[in-house]
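# Commentary on secondary and tertiary structure
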Amino acid sequence: MSGAEAVKLRDMRGLPAAQRAALAHARRLCWWSLLWMSLVSAMMYSVMGGSQAMKTAFVEDLLSLLPPLAFLIASRFQARPADEEYVNGRTRAFDINFLIAGAALAGFGLLLLWDGLHTLLTATHPVIGTVLIGDAVVWKGWLMIGALLLSAIPPAILGRRKLKLSRKLSLKPLHADADMGKADWSTALAGVAGIVGIGFGLWWADAAAAVFISASVLHDGLTNLKGAIRDMHDARPQRIDRSDPDPLVGKVHDAVCGLEWVETCRVRFHEEGFRLSGVVFVQARDGVTTPGRLRQAHEAARAAHWRIDEIIVTLLGEEPEDGEGDQAAT
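Residues numbered from 1 in each chain as written. Predicted model: local features only at pLDDT ≥ 70, side-chain atom pairs only at ≥ 80, totals over all residues. Heavy atoms only, no water.

## Focus on the overall build of the protein chain
Which entries qualify depends on this criterion: Think of it this way: any DSSP run of H or I at least four residues long counts as a helix, any run of E at least two long counts as a strand, and we number them from the N terminus. The contact criterion used throughout is that any non-hydrogen atoms of two residues lie within 4.5 Å. The Shrake-Rupley method, run with a 1.4 Å probe, gives the accessible areas here. Residue values count only the displayed protein chains as cover. Lys and Arg are tallied as positive, Asp and Glu as negative. Neither His nor the chain termini are counted. Just so you know, the charge point we use is NZ for Lys, CZ for Arg, CG for Asp and CD for Glu.
A count of helices and strands for the protein chain gives eleven helices and seven strands. Across its three principal directions, the C-alpha atoms of the protein chain cover 90 × 35 × 35 Å. Put simply, of all contacts in the protein chain between residues at least 6 apart along the chain, 73% involve residues at least 24 apart. Here the protein chain has roughly 16100 Å² of accessible surface; of this, 61% comes from carbon and sulfur atoms. In the protein chain, 34 side chains carry a positive charge and 35 a negative one; their mean positions are 7 Å apart.

## Comments concerning a nonpolar patch on the surface
Operational definition: Only residues above 30% relative accessible area that lack a salt bridge enter a patch, with like-charged residues linked at up to 9 Å and the nonpolar side chains Val, Leu, Ile, Met, Phe, Trp and Tyr linked at up to 5 Å. Any carboxyl oxygen of Asp or Glu that lies within 4 Å of a side-chain nitrogen of Lys or Arg is treated as forming a salt bridge with it. Each residue's exposure class comes from its accessible area (1.4 Å probe, protein chains only) as a fraction of the maximum for that residue type: buried when under 20%, exposed when over 50%, partly exposed otherwise.
Together, W32, L35, W36 and L39 make up a nonpolar patch on the protein surface, roughly 430 Å² of accessible area in all. As for its placement among the helices and strands, L39 is situated in helix α1 (residues 17–46). Residue classification places L39 among the partly exposed residues on the basis of a relative accessible area of 49%.

## Comments concerning the side chain of T56
Assignment of secondary structure puts T56 in helix α2 (residues 52–63). Accessibility expressed as a relative area gives 1% for T56, which makes it buried. Those residues in contact with T56, other than ones at most four positions away along the chain, are L112, A210, I213 and S214.

## As for the confidence of the model for the protein chain
Stated formally: Every residue gets a pLDDT, meaning the predictor's confidence in that residue, from 0 to 100.
Across the protein chain, the average pLDDT comes to 85, with 92% of residues at 70 or higher. Here residues 1–13 is a poorly scored stretch, pLDDT under 50, and it has 40 contacts once near neighbours within four places are set aside; other chains count.

## What about the packing of α2 against helix α8 (residues 184–199)?
The condition that has to hold: Orientation is described by lines fitted to C-alpha atoms, with helices fitted over the stretch in contact, and by angles between N-to-C directions that extend from 0 to 180 degrees. For this classification, under 35 degrees means roughly parallel, over 145 means roughly antiparallel, 65 to 115 means roughly perpendicular, and everything else is oblique. Working rule for handedness: look at the near helix, and if it is turned counterclockwise from the far one by less than a right angle, call the crossing left-handed; if clockwise, right-handed.
Between α2 and α8, the least distance of the axes is 9 Å, while the angle of their chain directions is 160 degrees. Judged by the inter-axis angle, α2 sits roughly antiparallel to α8. The two elements α2 and α8 meet at a crossing, and its hand is left-handed. Taken together, the residues of α8 that come into contact with α2 (itself represented by A53, M54, E60 and D61) are D184, T187, G191 and I195.

## A look at the nonpolar core
Our working definition: Throughout, nonpolar core names a set of buried Ala, Val, Leu, Ile, Met, Phe, Trp, Tyr and Cys residues whose side chains join them through atoms within 4.5 Å.
In this structure, M44, M54, F71 and L171 are the most contacted members of the largest nonpolar core, which totals 47 residues. Here this core gets nine residues from one element, more than from any other, and that element is α1. Judged by nonpolar contacts, the second largest core, of 23 residues, contains V249, V252, V267 and V313.

## Things to note about the packing of aromatic side chains
Inclusion rule: The criterion for an aromatic pair is that two Phe, Tyr or Trp rings (for Trp, the six-membered ring) have centres within 6.5 Å, with stacked assigned to planes under 30 degrees apart, edge-to-face to planes over 60 apart and tilted to the rest.
Scanning all chains against the criterion turns up five aromatic pairs. With 5.5 Å between their ring centres and 45 degrees between their planes, Y45 and F58 make a pair best called tilted. With Y45 in helix α1 and F58 in helix α2, this residue pair connects regions lying 13 residues apart in the sequence. Judged by its relative accessible area of 55%, Y45 falls in the exposed class. Centroid distance W139 to W142: 5.9 Å. Interplanar angle 90 degrees. Geometry classified as edge-to-face.

## Some words on the pattern of salt bridges
Scanning all chains against the criterion turns up ten salt bridges. D95 is the partner of R92 in a salt bridge, and the nearest nitrogen-oxygen pair spans 3.7 Å. Assigned by exposure class, R92 and D95 land together as buried. Put simply, D246 and R307 hold a salt bridge, and the shortest N to O gap is 2.9 Å.

## What to know about helix α11 (residues 291–303)
Going by this rule: Residue count minus one, scaled by 1.5 Å, sets the expected span of a helix.
For α11, built from 13 residues, the straight-helix expectation of 18 Å at 1.5 Å per residue is met to within 8% by its first-to-last C-alpha distance of 18 Å. When we look at burial in α11, the residues that qualify are L294, A297, H298, A300, A301 and R302.

## Some remarks on unusual backbone geometry
Although it is not a glycine, A123 sits at a positive phi angle of roughly 55 degrees. For A123, the position within the fold is in the loop between α4 (93–121) and β2 (130–133). Taking the relative accessible area as the measure of exposure, A123 reaches 32% and is therefore partly exposed. Of note, the phi angle at D234 is positive, near 60 degrees, even though the residue is not glycine. Its relative accessible area of 37% is what places D234 among the partly exposed residues.

## Describing the side chain of S166
This is how it is decided: By the criterion applied in these results, polar contacts are pairs of N or O atoms within 3.5 Å in which, for protein atoms, one can donate a hydrogen and the other can accept it, and in which residues neighboring in sequence qualify only through two side-chain atoms.
Locating S166 in the fold gives a position in helix α6 (residues 153–169). A distance of 2.7 Å separates the side chain of S166 from the backbone oxygen of L163, its partner in a polar contact. Aside from chain neighbours lying at most four places away, what touches S166 is L171, L174, H175 and I240.

## Quick word on helix α9 (residues 203–232)
Across its 30 residues, α9 extends 45 Å between first and last C-alpha, which sits within 8% of the 44 Å expected from 1.5 Å per residue. D234, located one to two residues past α9, shows a positive phi value of around 60 degrees.

Shown next, in the form of structure tokens:
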């Protein structure tokens, strides 16, 4: 490497044991999500009737199959080793699959929103009939309300369990999926409000509930789409909930600067699934930078956390734009 010496090593050992177990657990939860949400979707379809809110909630339940399906596909691809075609492995698998899932959610959310608004603006009055259960004639709205309330239970339970695993794995797509599941109760309540509104003669309540549900789907899709695009553009790493910059970058910076021969350093990292990769620029106190010292800095950065993956260690002053865009600096 002209003008600099670099150490670039790829960790082929995979995840630590605790994270491998967490990833396997997350896969099992995603399979359970597919099973339960398929059953919930079938239940919703059987009682859907003429309610716009129920129709939208049914489609939303079908769309909720996308994130866990995307996770299972991504985890399968990500586990494959590097080869002649994918020389750096398939670390972007999670980002790519959730980019697709986010785009699908956003697209369907937009269509559902238009459908709900069209129903509202054209003043289409929904009709909910009755059903014979045994010898009793029951208003079908009660069955719809029961189905809506039951539909919120599986995603809420699975979402909370996925949330814990997403923090252990630092996987933002899994965290987004968990958040969607946890918030599913709001969809159920909106649907119940729409059905109850029909019962009281408020025809517009059903369409308004459908608009609320579709807006929630659209919001989830756009949020996932924005996050996936951001990560694929190698933006600054963020916390699992995307609230603040990832503190792990500062931890690597401090670990390298803690070496007795290092005067200062700068760090530029980006996210690839649950891993962080990038460049560490170092400057020696005595101005002497040997391959051994660069290797020591590399090892210090890698030892900071299991998420640190591929790193290039090079001399400070070799970075483009004279250090602009650094994520940690003294």
